[in-house]
Amino acid sequence: MRESEYIQNTPISHRKDYGQFFTPQLVSRLMAQWVLRDEPETVLDPAFGLGVFYDEMMKLKPNNQSQFIGYEIDKNIFSYLHELNKQTNLNLYNSDYLETEPSQYDAIICNPPYMRFQKFLNRHDVLPIIEKQIGKKLIGYSNISSVFLVKALNELKENGNLAFIMPFEFFNTGYGKEIKKSLLDNYLLKQIIIFSNEKEIFPDATTTVCVLLCKKDRIKEPIKITQIESGDNLVQISDISEYYQKIIDVSDLPFSKKWTPILMSLFSDKVVPKDFVRLSVYGSFTRGIATGANEFFALSKGKIIKLGLDDKSICKCLTKSSQIRQPVFTEEDFTNLYDLEKPVHCLNITFSESQETQEYIKQGEAFGYHERYLTRTRTPWYKIESRKPAPILFGVFNRGRLKVIRNLTNAINFTCFHCFYPNRFGEPLINKLFVYFLSDIGQEIIKLNKRSYGDSLDKFEPGDLNESLCPNQSQFGLISEKEAERVIEIAKNDEKEAVDRSNALIERIVNAQQVTAAIMDKHFSDQEKSMGRMGSS
Ligand SMILES: C[S@@+](CC[C@H](N)C(=O)[O-])C[C@H]1O[C@@H](n2cnc3c(N)ncnc32)[C@H](O)[C@@H]1O
């Protein structure tokens, strides 16, 4: 009720500035169950918002004896809380939680604001205060949610329970490492809840999130992993601590590693074959060219002719993801797009500008393109990064299958694709690498490194792709170059058949690996047996 009224009356920009995204009722119920389980005397909500957690805790245990404490920085949202302010078991403060004196609570429940720390207005004032409170430097804590978590963990009493929503990215980024370390070293983390169909459960969320359930009991025990599949699934859970599909040992979640692939692999039936190597052994993925003004730099045939631009001022360039529909992109495909007036060239001034080019640059300046965020940092503003065409391209956003393309043209590309540039080890394997990327096994293994989780739209950063695993050189030796070339030929017209062929080729590698592993196992067990015989004789 409060929420719909608030959302109606408040501009989205205001909500964004304060990180006001509200916890769905069913998720807050699970979190409330966790924090109320040991009859806490005091319960803190450091980012109160409209009080969904308080409401839920009161619904769950109407006669509880707890005293609730809430902080909320925003005057505007606070003014919607006058009814709640009358509750005798609730102390609400219209102030910045990060600036509060440290205190101790039996339970803490929180959905913190998640935004870049740089956007947080008081950041210069609060950081030294918190560092002093926790006795640690907060270097690299680039998301405000992590600062909330660090302070809250510090304020949790012995045996206290804490439930926190966190952006999923904290599992993988640098700033998450220190917190992950402290969650593990102190055996605080008991359960991680992830959502496989996030858009249904968190319809407003713009960031993928997870819920952390912690208890400060210093007991070393495996961490429970819960995957929630749907809203219906949520309704049925009566005790979240008993609802989990997997457990993972603390030692299998190293703080220095990205946790997303580890967690994802628990729910994937694809086991990454042993001896696979990082893709970075063969080269690296890089972002495509960021122009800062695609509408100016991208050029179609008609525009090139009209402007009279010469060959020295332009080059072939894929400017939109939709320009490629098949896994292989040929010169013929390029010419078709060009004739169809698609913008498949870009302004690329390598030598001196012709009169016509100078004219076009002037036109661009008249439109203010030279004053854009990116263009104004370049000298001259219209000179884009110099790039070679990449032989393999990857879609940045992918729904379902990953968009992988064997680029047989000399077209470069904008940021709509990530570009794979092979090194001297990858160069001779480029076709085989493509076959691997195209295969179902390759796709599953690469997806283990995806950034977002849950929403069907997956985003990959070049770094994620570089860390994904693929066959080593001798494993690739099990496929012949001819076989890989054949897949590429077929993929020009028939993607499905090409995927089937890729699957067969990559399964050959995986099966060979399994046979080798079985032989090795047998070898070692025979050896052990004979050592045993020797020992007993
Ligand atoms: C993600 S919302 C969560 C609100 C509510 N707890 C819920 O789960 O629906 C975060 C709330 O924290 C408030 N907030 C942001 N920075 C804060 C700060 N430094 N101290 C206290 N509250 C803050 C925001 O105004 C917002 O209402």
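See the structure printed just above.
These lines cover the structure that appears in this document, whether it is placed above or below. Source: prediction; values computed, not measured. (Residues numbered from 1 in each chain as written. Predicted model: local features only at pLDDT ≥ 70, side-chain atom pairs only at ≥ 80, totals over all residues. Heavy atoms only, no water.)

**Here's the deal with the overall build of the chain**
In terms of regular secondary structure, the chain is built from 21 helices and 22 strands. Across its three principal axes, the chain shows a C-alpha extent of roughly 90 × 75 × 45 Å. Counting over 537 residues, the chain shows a buried share of 52%. Once local pairs closer than 6 in sequence are excluded, the contacts in the chain between residues at least 24 apart make up 76%. Roughly 25500 Å² of accessible area belongs to the chain as shown, and the carbon and sulfur atoms make up 51% of that amount. For the chain, the distance from the average position of its 68 positive side-chain charges to the average position of its 70 negative side-chain charges is 3 Å. (Helix = DSSP H or I, 4+ residues; strand = E, 2+ residues; numbered from the N terminus. Buried < 20%, exposed > 50% of the residue type's maximum accessible area, 1.4 Å probe, protein only. Contact = heavy atoms within 4.5 Å. Areas by Shrake-Rupley, 256 points an atom, 1.4 Å probe, with all protein chains shown as cover. Lys, Arg positive; Asp, Glu negative; His and termini not counted. Charge placed at Lys NZ, Arg CZ, Asp CG, Glu CD.)

**Here's the deal with the sheet that holds strand β18 (residues 404-407)**
Sheet strands pair via backbone hydrogen bonds, and the direction of the pair is either parallel or antiparallel. Strand order in this open sheet of 5 strands is β11-β20-β16-β18-β14, and the pairing throughout is mixed. Taken across any chain shown, the strands that pair with only one partner, and hence form the sheet edges, are β11 (283-287) and β14 (328-329). Sheet analysis places strand β16 (residues 392-395) next to β18, joined by 3 bridges and oriented antiparallel. The residue bridging Phe394 from the neighbouring strand is Val404, located in β18. (Pairing = 2+ DSSP bridges.)

**Notes on the environment of Leu374**
Its location among the elements puts Leu374 in the loop between α15 (355-366) and β16. Relative accessible area serves as the criterion here: at 29%, Leu374 is assigned to the partly exposed category. Each C-alpha atom, one on Leu374 and one on Lys216, is 47 Å from the other, the two residues being 158 residues apart in sequence. Not counting residues within four places of it along the chain, the set of residues in contact with Leu374 comprises Ala290, Thr291 and Gly292.

**Some remarks on the nonpolar core**
Among the nonpolar cores identified, the biggest contains 48 residues, and Leu162, Phe164, Phe171, Leu183, Ile192, Leu212 and Ile223 are the most heavily contacted of them. Broken down by element, this core gets its largest block of residues, 7 residues, from helix α7 (residues 144-154). Setting aside anything within four residues of it in sequence, one finds Leu162 in contact with Trp34, Val35, Ile108, Leu149, Ala152, Leu153, Leu156, Leu212, Leu213 and Cys214. Formed by 41 residues, the second largest nonpolar core is a distinct cluster that contains Val27, Trp34, Ile201 and Ile228. (Core = buried A, V, L, I, M, F, W, Y, C linked by side-chain atoms within 4.5 Å.)

**Details of the pattern of salt bridges**
The tally for this structure, following the rule as stated, stands at 23 salt bridges. A salt bridge links Arg508 to Glu483; its shortest N-O distance comes to 2.8 Å. Of this pair, Arg508 sits in helix α21 (residues 495-536) while Glu483 sits in helix α20 (residues 481-491), and the two are 25 residues apart along the sequence. A salt bridge links Lys492 to Glu489; its shortest N-O distance comes to 2.8 Å. Glu489 sits in the partly exposed class, given a relative accessible area of 40%. Residues joined by salt bridges that share partners form a network here, namely Lys190, Asp217 and Glu221. (Salt bridge = Lys/Arg side-chain N within 4 Å of Asp/Glu carboxyl O.)

**As for the packing of α7 against helix α8 (residues 174-185)**
At a minimum axis distance of 11 Å, the contact between α7 and α8 shows a crossing angle of 20°. Between α7 and α8, the angle falls in the class roughly parallel. In this structure, the crossing between α7 and α8 has a hand that is left-handed. Every residue of α8 that contacts α7 at Ser146, Leu149, Val150 and Leu153 is listed here: Tyr175, Ile179 and Leu183. The class makeup of the residues in the contact of α7 with α8 is 6 nonpolar, 1 polar and no charged. (Axes fitted to C-alpha atoms, helices over the stretch in contact; angles between N-to-C directions. Parallel < 35°, antiparallel > 145°, perpendicular 65-115°, else oblique. Left-handed = near helix turned anticlockwise from the far one by under 90°. Nonpolar A, V, L, I, M, F, W, Y, C, P; charged D, E, K, R; others polar.)

**Let's talk about the side chain of Ser502**
As for its placement among the helices and strands, Ser502 is situated in helix α21. By relative accessible area, Ser502 is classed as buried at 0%.

**Side note on the site of the ligand**
The environment of the ligand is formed by 26 residues, the closest being Gln20, Thr23, Ala47, Glu72 and Asp96. Within the backbone of Tyr97, one N or O atom sits 3.0 Å away from a nitrogen atom of the ligand. Burial of the ligand by the protein amounts to 99% of the accessible area it has alone, namely 590 Å². Looking at the shell around the ligand residue by residue, the classes come out as 16 nonpolar, 6 polar and 4 charged. (Near = heavy atom within 4 Å. Polar contact = N/O pair within 3.5 Å; in protein donor to acceptor, adjacent residues only side chain to side chain.)

**Digging into the sheet that holds strand β1 (residues 42-45)**
Read across the sheet, 9 strands follow the order β3-β2-β1-β4-β5-β7-β6-β8-β9 without closing on themselves; strand pairing throughout is mixed. The sheet terminates laterally at β3 (90-93) and β9 (246-248), the two strands that pair on one side only. The sheet shows a mean angle of 15° between the axes of neighbouring strands, taken without regard to direction. In this sheet, strand β2 (residues 67-71) lies alongside β1 in parallel orientation, the contact comprising 4 bridges. Looking at the pairing, Thr42 lines up with Gln67 of β2.

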